[in-house]
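So the chains spell out like this:
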Amino acid sequence: MLVPVILSGGAGTRLWPVSREGNPKPFMKLSDGESLLLKTYRRAAAVSNTSLACGEIVTVTNRDYYFKSKDEFANAKLGGRHAGTYMLEPAGRNTAPAVAMAAHYIAEKHGDDALMLILAADHLIQAQDRFATAVAHAAELAQKDYLVTFGIVPTGP
């Protein structure tokens, strides 16, 4: 079983002044009027519709971004077909603690054999079909006890 986990937070310092503490990168609107977080949620929903998934989407965020995240997800207009679980970090401690918190929750709820798909809410992935294929292949490998990571092939330093 595959459970998508969206990591949504940040200090909003890297793309100032567009991104700032009250409106970090995941909430920035792109030229199509959609945020990176909304696009990530749609990616997670597409994955959760597959036979591999359980239909739950876990979002790790903080108290300041909880309601903004819920509003973004409501804008996805997916009809409530996905169970949303929100985990609120008491303090931002970067990626590893957020993933660990989600891993403990998923193992408790879905068992030790559940797979997690960690999705950063500030990534833009335009080739959805290629992403879905990569996730399916990664899930096959993960079921054989491989740790799978995604990345892009560098073209320069």
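Residues numbered from 1 in each chain as written. Predicted model: local features only at pLDDT ≥ 70, side-chain atom pairs only at ≥ 80, totals over all residues. Heavy atoms only, no water.

A.B. asks: Describe the packing of helix H1 (residues 36–48) against helix H2 (residues 66–75), naming the residues involved and giving the relevant values.
C.D. replies: As a packed pair, H1 and H2 sit with axes 9 Å apart at the nearest point and diverge in direction by 60°. If you check the angle between H1 and H2, you find them oblique. The handedness of the crossing between H1 and H2 is right-handed. Where H1 abuts H2, its residues Leu37, Leu38, Tyr41 and Arg42 lie against Ser69, Glu72, Phe73 and Asn75. Grouping the constituent residues of the contact of H1 with H2 by class yields four nonpolar, two polar and two charged. (Axes fitted to C-alpha atoms, helices over the stretch in contact; angles between N-to-C directions. Helix = DSSP H or I, 4+ residues; strand = E, 2+ residues; numbered from the N terminus. Parallel < 35°, antiparallel > 145°, perpendicular 65-115°, else oblique. Left-handed = near helix turned anticlockwise from the far one by under 90°. Contact = heavy atoms within 4.5 Å. Nonpolar A, V, L, I, M, F, W, Y, C, P; charged D, E, K, R; others polar.)

A.B. asks: Can you lay out H2 for me, pointing to particular residues and giving the numbers?
C.D. replies: Those residues of H2 lying buried are Tyr66, Ser69, Glu72 and Phe73. Buried residues of H2, viewed axially, fall in a sector of 125°; they line one side. Those residues of H2 that are exposed and aimed more than 90 degrees away from the buried face are Phe67, Asp71 and Ala74. Residues of H2 that are buried make contact with strand S1 (2–7), H1, strand S2 (56–62) and strand S3 (83–89). In the stretch just after H2, Lys77 is the one whose phi turns positive, near 50°. (Buried < 20%, exposed > 50% of the residue type's maximum accessible area, 1.4 Å probe, protein only. Arc of directions from axis to C-beta.)

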